[in-house]
Structure formats: structure tokens, C-alpha cells
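In case you want the letters, here they are:
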Amino acid sequence: MVKTKKKNLISRWFGICPKRHIFLAVCGVLIAAFFLLRGSRSIMNAVTDNVVHPYQHFMAELCSRVPFSVTELLVAAAIVAVTVYIIYQLVSVIRKPERLKRVYITMITLLAVGVGIYAALSWTLGVSYYADNFSEKSGLADEPVSEAELIAVTEYFARQVNYCSDKVSRDENGIFTCDEEELFLKNEYLYDNISEEFPCLNLVYIKTKPMFFSRMMSMTDFTGVFFPFTGESNVNVDSPLCFRASTIAHEMAHQRGVASESEANFVAVAACMSFDDNDYRYSGALMAYVHLSNALYDADYDAWLKIYNSISDDVRRDLAYNREYWAQFESPISEVTTGAYDSYLKSNGFEGMRSYGACVDLLVAYYYDMAIEK
């Protein structure tokens, strides 16, 4: 008798919104399949190469036909839709009967949306983390580096950033400036040279999109985003210009199948440094210097201080301006968003946001010979 009542109760709740329950079950199977199969490199490579990348390239080319970011449009529409739905359901709970039933429908609907998004992310973005990475495709090893090697390459980029700094434009306050529209137009050829050395980065050019809600991106502590559902590379155009070019290169790296944030940072630097453009070279050198000097600061403070004192006043002004800009957005909002992204990276076996610092190994491996040339 007890079992019959329990069975009837389950059947009753399942019958309220069966399609949502079926959708949840399907998404659950997809997520479970992803976690079970992600250890198989051959399967992840097959899905990435034959399904995910072709789909993303197709969508990116399709979305490139409109001047605005389709990513932003979809995200804004989703936020509005969810907000309106929650408000409508709250009003319904207050005004109409069967309140418990309506609360359940609301919760199961929101749960279905969340689980559905996670399932889609797993099979459009997560699979890339378990396929062959850039280091494996390129043959460039990201092995641990010695302190001497780190110092040598940090010194090299300090020289590079000083050299490039003298060739870029600055405003009345001595802060880096450039024609932003031209910066986006020039990136059509950004990957030409580096793709010759690393064919795995070769891809038909797809333009990068400036984001309309860039200020909100800054509030969430993001300089750009690659959206796996549209294949678009989106860039925050409110943040300091000195890192704009390297951010464009970083998001384009994701578009070329470089999933890891650390590897995307290295690829961005390599692309900028191989590009015959002063604005891109300066931004790439500055990005490399920041990552290397941050690592050196922890490893050898005296060596860090000596190199820091060697960079020009103009470079220091750009770095100070960048610090001041991001300091104004330190808030619980930015902590929540970066924490969420950090958790997603960790759920896929990576070291969260700290993985950004791992690009130092690749920078040293690639640039060390150049650094020690006399």
C-alpha cells in the first residue's frame, strides 16, 4: 500500500510537466556520457575535429554577416526571458491556486535550462579540453623552466616592450592610444605568419566582434569571450587599449581551437609578435612581460625589481592605468563571475583561473633562444 501511494505520487509529479522531465533525463545522459568518455583522447579528438569545430566555424561565418555580436543578443534575450518568466511565475503563485504545483513547475523549468546549458557546454566547449591541445599539435613542449631561463626571457620582453613602446601613439597623458576601428580591421592578417610555423592555427579569417555591453563585461572581470554556440570571438572595448590587440589575438586563438587559457595567451603573444604592426607587437610584448614578470616576482624578487626598473616610464604608465581601471570593478559581482568560470575550468580538470600563468612555460620554451642571442 505504501509503495503504491509513493508510486502514484511520483507519477503525479512527473505528469505535471513530462516534457521537462524527459529533457532533464536526456541532458543528464549527455552529461554522464561526457564525463565517462572524456578520458578517451580518440573520441574527444573525433568529436572536436568532425563535429564541434566544423559547427563553430559554420556558425562564426554565418554570424560574421551581421555587424553586431550575436552572442550578446542571445545572452541578453536569455536574461530577459528568464527574468520575465520568474516574475510571471511569482505573480501566478501569489494570485492563482495550486501554488505548490506552480513552484514545482518553475523550479523544474529553471533546472532544465541550467542543466541543458551545462550539457551543451560540455559537448561544444568541454570536449576541446580533452582533445589534443596546442602543445601536442605544435610540438612545442610546455615543460617547467629554470629560474635562469625565466630571467632571460623576462629581460628579453622588457627590451621588446621598451622598443615597441617608442613606436606607438600616446595621448596627452602619455597613455597608449590607437585607432580602435583600424585595430579590428587589421587583425584579418594577424595569424598569417604564425600559422605558417604552426599549421594547426590556420583558419579562414572570421572577424572579431566588439561588445556593446563592454562596461558590463568589465564589471564581471572579463576582457573578452569566445562563445562556443555561435563560434564568435567577442572583445571588451571598454578596457584599456594597451591590451586590446593581444585580447583580440587571444579570442581568435580560441576560435582556432586553442581551448586552454594559458595556451591561448601564449598563442596571442606569438601571433602579435610575428605580425608586422606596432600596435599589435606592443600589446603582445606587454602581455608577455606581465605574465613573465608576475612569475619572476614570486621566484626572484631582486631579479624582478632590476628588470622592472629597466622598463620605460611610458610602459609603467600603461601598466598603472590598467591596474587603476580594473581596481574600480573589484566587487562581489566580479568575484562571483570569475569564481563561476574558475569552477567550470576546474570541473574539466584544469587549474582554474591560475592556468593563465602557465603560459610562461610556453613563452620560455619558444623565446629562450631569441633571448640569449647576442
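Every value quoted in this text rests on a predicted model; they were computed, and no experiment measured them. (Residues numbered from 1 in each chain as written. Predicted model: local features only at pLDDT ≥ 70, side-chain atom pairs only at ≥ 80, totals over all residues. Heavy atoms only, no water.)

### Overview of the nonpolar core
Here comes step 1: Ranked by internal contacts, the top residues of the largest apolar core, which has 64 residues, are Phe-157, Tyr-191, Phe-266, Tyr-282, Leu-292 and Tyr-367.
Here comes step 2: Contributing elements (two or more residues each) for this core: helix H7 (147–165), helix H8 (180–186), helix H11 (244–255), helix H12 (261–274), helix H13 (278–299), helix H14 (301–308), helix H15 (313–327) and helix H17 (359–371).
Here comes step 3: Setting aside anything within four residues of it in sequence, one finds Tyr-367 in contact with Val-153, Tyr-156, Phe-157, Phe-266, Val-269, Ala-270 and Met-273. (Core = buried A, V, L, I, M, F, W, Y, C linked by side-chain atoms within 4.5 Å. Buried < 20%, exposed > 50% of the residue type's maximum accessible area, 1.4 Å probe, protein only. Helix = DSSP H or I, 4+ residues; strand = E, 2+ residues; numbered from the N terminus. Contact = heavy atoms within 4.5 Å.)

### Re the packing of H7 against H13
Each pair of packed helices can be summarised by the angle the axes make with each other and by the distance between the axes.
Here comes step 1: In the contact formed by H7 and H13, the axes pass within 8 Å of each other and the chain directions differ by 145 degrees. Crossing handedness for the pair H7 and H13: left-handed. Contacts between H7 and H13 involve Glu-147, Leu-150, Ile-151, Val-153, Thr-154, Phe-157, Ala-158, Gln-160, Val-161, Cys-164 and Ser-165 from the former and Arg-281, Tyr-282, Ala-285, Leu-286, Ala-288, Tyr-289, Leu-292, Ser-293, Ala-295, Leu-296 and Ala-299 from the latter.
Here comes step 2: Considering only residue class, the contact of H7 with H13 consists of 16 nonpolar, four polar and two charged. (Axes fitted to C-alpha atoms, helices over the stretch in contact; angles between N-to-C directions. Left-handed = near helix turned anticlockwise from the far one by under 90°. Nonpolar A, V, L, I, M, F, W, Y, C, P; charged D, E, K, R; others polar.)

### Topic: the pairing of strand S5 (residues 232–235)
Here comes step 1: Of the two faces of S5, the one holding Glu-232 and Asn-234 and the one holding Ser-233 and Val-235 are both buried throughout.
Here comes step 2: Sheet topology note: the strand S3 (residues 209–210)/S5 ladder contains two bridges and is parallel. Following the sheet pairing, Lys-209 is matched in S5 by Asn-234.
Here comes step 3: Strand direction decides the pairing type here: strand S4 (residues 224–227) and S5, joined by four bridges, are antiparallel. Counted as the bridge partner of Val-225 is Asn-234 from S5.
Here comes step 4: In textbook terms, the turn of a hairpin is the stretch between consecutive antiparallel strands, and for S4 and S5 this stretch comprises four residues, one of which, Gly-231, has a positive phi near 75 degrees. (Pairing = 2+ DSSP bridges.)

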